[in-house]
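Chain by chain, the residues:
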Amino acid sequence: MTQPLVISIDAMGGDHGPAELVPGVARAARELGDDVRFLLHGDSERLRAEVARCPVLIGRTEIRHAERVVAMDEKPAQALRRGKDSSMWNAVEALKTNEAAAAISAGNTGALMAISKLILRMSADLDRPPLVASLPTVKGVATFLDVGANVDCDAERLVEFAILGEAFHRAAHGVAKPTVALLNVGHEEMKGHQEVREAHRILRQGHLDLDYRGFVEGDGLTTGEIDVIVTDGFTGNVALKTAEGAARFIRGELKAALTGGVLAQLGALLARPALNRFRDRLNPPPAAPLLGLNGVVLKCHGGASSRDFAQAVRVAADLARSDFAQEIERNMRKLPAAMAESIPPAANGAP
């Protein structure tokens, strides 16, 4: 008999806690099938009450009491000192003890990153796991990283992000051979700062098993021509927040235009299905995996609705069932040789 896939959940995190997260787990459970089970960590009394309202979870859920919750404004260092036996800590620790295949939290991002790194350790020589965003494009979805975890990145770090993002995109979005590019201020090889140009040379010459396409500019983020777009955490966070702000502006302007009179309101009513699809395309992705850890950990945004959290659970299940971690490890083993191969002759002492 096949072993069930277990997903460990910090059911107290985020702005809404169990009232939204548990129904989200129930929504995902209906789609994922009986071979997926759930560990819910938090206030056992509140969790039992919420699970009782979701019959699909009966018999598929184990509740584990946690004495405390990591606050949304708690500093990562405080979370490390005081976080043990919190719902977040216990959710991640279930991966280390092999009781679960993936963990999800809608709680404090910095705390989740610090706790995950301490408990699971990094599978590669990374300072911190990069945060990944899935951007809507004309042709589907693009993987964009880092979006805020690692502000300063050298060339080797950018190459590592390319390896991590490529393996993630294949696992999460089903693309057999994702295309990869570096975000830059132009397509020409002489453009960009030294770290980007050096990363470009390594990816071009290092014989890594990647479909590397060179540079892409900011206006190429949503064309769908590139599947995985790599940058440092500073640039990535600015680009992501700019895109989110533009999406909010467009939604606000559209709403104002469609509520400006009786005829506009009638038109909006008739176009509601199309407008809902438009809204969903512009909404930011609800979950960002922390890549490079010895385990699958997803950060769901703090204001997640039950629908958002259900999507995060589905992504966690897809990643847990894939071999993307093994793919990352295989390519990371090639990186030292790739770095050596890409060094220009004058730099390594050759005549």
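Residues numbered from 1 in each chain as written. Predicted model: local features only at pLDDT ≥ 70, side-chain atom pairs only at ≥ 80, totals over all residues. Heavy atoms only, no water.

When you look at the sheet that holds strand 6 (residues 140-145) in this model, what are you seeing that I'm missing?
Strand pairing within a sheet occurs via backbone hydrogen bonds; the two strands may be parallel or antiparallel. Taken in spatial order, the 5 strands line up as 5-6-9-7-8 in an open sheet, and their pairing is mixed. Two strands bound the open sheet, and with one partner strand each, they are strand 5 (132-137) and strand 8 (211-216). Strand-to-strand twist across the sheet, computed as the mean angle between neighbouring axes with direction ignored, equals 25 degrees. Judged from the 3 bridges that link them, strand 7 (residues 179-183) and strand 9 (residues 228-230) form a sheet pairing that is parallel. Bridge assignment links leucine 182 to a residue of strand 9, and that residue is valine 230. Lying over the sheet, helix 6 (residues 155-173) contacts strand 5, strand 6, strand 7 and strand 9, oriented at roughly 150 degrees with respect to strand 6. Each of strand 7 and strand 8 is contacted by helix 7 (residues 194-205), which is oriented at about 160 degrees to strand 8, the strand it contacts most. (Pairing = 2+ DSSP bridges. Helix = DSSP H or I, 4+ residues; strand = E, 2+ residues; numbered from the N terminus. Axes fitted to C-alpha atoms, helices over the stretch in contact; angles between N-to-C directions. Contact = heavy atoms within 4.5 Å.)

What exactly am I supposed to notice about a negative patch on the surface here?
A surface patch of like charges, here negative, comprises Asp152, Asp154, Glu156 and Glu195. Tracing the backbone shows aspartate 152 in the loop between strand 6 and helix 6. Residue classification places aspartate 152 among the exposed residues on the basis of a relative accessible area of 69%. (Patch = residues over 30% accessible without salt bridge, like charges linked within 9 Å, V, L, I, M, F, W, Y side chains within 5 Å. Areas by Shrake-Rupley, 256 points an atom, 1.4 Å probe, with all protein chains shown as cover. Salt bridge = Lys/Arg side-chain N within 4 Å of Asp/Glu carboxyl O. Lys, Arg positive; Asp, Glu negative; His and termini not counted. Charge placed at Lys NZ, Arg CZ, Asp CG, Glu CD. Buried < 20%, exposed > 50% of the residue type's maximum accessible area, 1.4 Å probe, protein only.)

It is not clear to me how the environment of leucine 290 should be interpreted in this structure. Could you clarify?
As for its placement among the helices and strands, leucine 290 is situated in strand 10 (residues 287-290). Exposure remark for leucine 290: the relative accessible area of 4% places this residue in the buried category. Sequence-wise, leucine 290 and methionine 113 are 177 residues apart; in three dimensions their C-alpha atoms are separated by 7.5 Å.

Please explain the side chain of arginine 60 as it appears in this structure.
Looking at where arginine 60 falls in the secondary structure, it is placed in the loop between helix 2 (44-52) and strand 3 (61-65). Arginine 60 sits in the buried class, given a relative accessible area of 9%. Polar contacts involving the side chain of arginine 60 include one to the main-chain carbonyl oxygen of valine 36, which spans 3.0 Å. The residues touching arginine 60, leaving out its near neighbours within four places in the chain, are Ala29, Gly33, Asp34, Val36, Arg37 and Phe38. (Polar contact = N/O pair within 3.5 Å; in protein donor to acceptor, adjacent residues only side chain to side chain.)

Sorry, what's going on with the pattern of salt bridges here?
Opposite charge on two side chains permits pairing when their charged atoms draw close. Scanning the model with the defined rule gives 15 salt bridges in all. Across the pair arginine 170 and glutamate 166 runs a salt bridge, and its minimum N-O distance is 2.8 Å. Taken as a pair, arginine 170 and glutamate 166 lie in helix 6 at a separation of 4 residues, close to a single helical turn. When the shortest N-O distance is used, the salt bridge between lysine 177 and aspartate 209 registers 2.7 Å.

Whenever I open this one, the environment of lysine 117 confuses me. Can you help?
Topologically, lysine 117 is positioned in helix 5 (residues 109-120). Sequence-wise, lysine 117 and glycine 295 are 178 residues apart; in three dimensions their C-alpha atoms are separated by 9.9 Å.

Whenever I open this one, the side chain of glutamate 50 confuses me. Can you help?
Relative to the elements of secondary structure, glutamate 50 occurs in helix 2. Excluding residues that lie within four positions of it along the chain, glutamate 50 makes contacts with Pro18, Ala19 and Val22.

I would appreciate a short explanation of a positive patch on the surface in the present structure.
Together, Lys84, Lys96, Lys117, Arg121 and Arg128 give the surface a local cluster of positive charge. With respect to the helices and strands, the residue lysine 84 is situated in the loop between helix 3 (76-82) and helix 4 (87-96). With a relative accessible area of 53%, lysine 84 lands in the exposed category.

In this structure, what is going on with the packing of helix 1 (residues 18-32) against helix 11 (residues 306-321)? I would like to understand it.
Each pair of packed helices can be summarised by the angle the axes make with each other and by the distance between the axes. Here helix 1 crosses helix 11 at 50 degrees, and the two axes come no closer than 7 Å. Judged by the angle between their axes, helix 1 and helix 11 are oblique. Remark: the crossing between helix 1 and helix 11 carries right-handed chirality. When helix 1 is examined against helix 11, the residues Glu20, Leu21, Pro23, Gly24, Val25, Arg27, Ala28, Glu31 and Leu32 are found in contact with a partner set consisting of Ser306, Arg307, Phe309, Ala310, Val313, Arg314, Ala317 and Arg321. When its residues are assigned to classes, the contact of helix 1 with helix 11 shows 9 nonpolar, 2 polar and 6 charged. (Parallel < 35°, antiparallel > 145°, perpendicular 65-115°, else oblique. Left-handed = near helix turned anticlockwise from the far one by under 90°. Nonpolar A, V, L, I, M, F, W, Y, C, P; charged D, E, K, R; others polar.)

Explain the pairing of strand 1 (residues 5-10) here, please?
Along strand 1, 6 of the 6 residues are buried, which leaves the element largely enclosed by surrounding structure. Residue alternation in strand 1 divides its side chains into two sets, Leu5, Ile7 and Ile9 and Val6, Ser8 and Asp10, and both sets are buried. Here strand 1 runs beside strand 2 (residues 36-42); their pairing, made up of 6 bridges, is parallel. Paired with isoleucine 7 across the strands is phenylalanine 38, a residue of strand 2. You can see the chain leave strand 1, run along helix 1 and come back into strand 2, and the turn it takes is right-handed. Here strand 1 pairs with strand 4 (residues 102-105) via 4 bridges, running parallel. The residue of strand 4 that forms the bridge with isoleucine 9 is isoleucine 104. (Right-handed = clockwise from strand over helix to strand, strands pointing away.)

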